[in-house]
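# Descriptive analysis of the structure
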Amino acid sequence: RNLRIATHLILKLEDGLGGCEGHVTVLSEYGMFYRTLEPRPVNARIPAVLALKSRLIQLEAVVLYTTSFDEGPFKEPGMGMKFVKISRADRDLIATFMLEQLEESIVRQSSHQ
């Protein structure tokens, strides 16, 4: 039900703490994982702008969890975030983007067989 894809999208935090810009490495219709060395506290609500295709998506997300390098060899530093304020049109755009990425992946895999 909650499909996630690996990606590399630019996200800018607009929480007044330096306007941190980084990358979303996992995306779903309902949230994302934001790679950063400066995670915000759990439960922080953060306004942000996500660059997706040629659009800038204004959203607000809440931090659900944080990770750091010292938590294991396969952990990347950052924070898991859930969208709490995003327009329906932007959520639909994310869902469409995810389906396109999955379709491209399937086509690439079938052409290598």
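Scroll up to find the structure.
This one's a predicted model, so the numbers in the text were calculated from it and none came from an experiment.

Time to look at the overall build of the chain. From N to C terminus, the chain includes one helix and six strands. Listing each helix as α and each strand as β along the chain from the N terminus yields β-β-β-β-β-β-α. Against the globule reference of 13 Å for 113 residues, the chain gives a C-alpha radius of gyration of 15 Å, in line with a compact fold. If you line up the chain on its principal axes, its C-alpha atoms span 45 × 35 × 25 Å. In the chain, 52% of the contacts between residues at least 6 apart in sequence involve partners at least 24 apart. When the accessible surface of the chain is summed, it comes to about 7000 Å², and 54% of that surface belongs to carbon and sulfur atoms. Measuring between centres, the 14 positive side-chain charges of the chain sit 4 Å from its 14 negative side-chain charges.

Let us look at the layout of surface pockets. Roughly 200 Å³ of internal volume is contained in the largest pocket. Forming the boundary of the largest pocket are 14 residues, of which Arg 4, Ser 28, Gly 31, Met 32 and Met 81 lie nearest the centre. Contributions of two or more residues to the lining of the largest pocket are made by β2 (21-28), β3 (31-35), β5 (55-67) and β6 (78-85). When the residues that make up the lining of the largest pocket are grouped by side-chain class, the tally is eight nonpolar, four polar and two charged.

Taken together, six strands build a closed barrel; the order of strands is β1-β2-β3-β6-β5-β4 and the barrel is antiparallel. Neighbour-to-neighbour, the strand axes of the sheet open up by a mean angle of 45°, direction not taken into account. When β2 meets β3, the two strands line up antiparallel, connected through four bridges. The residue bridging Val 24 from the neighbouring strand is Tyr 34, located in β3.

Conventions and cut-offs
Residues numbered from 1 in each chain as written. Predicted model: local features only at pLDDT ≥ 70, side-chain atom pairs only at ≥ 80, totals over all residues. Heavy atoms only, no water. Helix = DSSP H or I, 4+ residues; strand = E, 2+ residues; numbered from the N terminus. Rg over C-alpha atoms; globule rule 2.2 N^0.38 Å. Contact = heavy atoms within 4.5 Å. Areas by Shrake-Rupley, 256 points an atom, 1.4 Å probe, with all protein chains shown as cover. Lys, Arg positive; Asp, Glu negative; His and termini not counted. Charge placed at Lys NZ, Arg CZ, Asp CG, Glu CD. 1 Å grid on protein atoms, 1.4 Å probe; cavity = no way out; pocket = protein on both sides within 12 Å on 5 of 7 lines; lining within 4 Å. Points joined across faces, edges and corners; volume = space filled by probe spheres on them. Nonpolar A, V, L, I, M, F, W, Y, C, P; charged D, E, K, R; others polar. Pairing = 2+ DSSP bridges. Axes fitted to C-alpha atoms, helices over the stretch in contact; angles between N-to-C directions.

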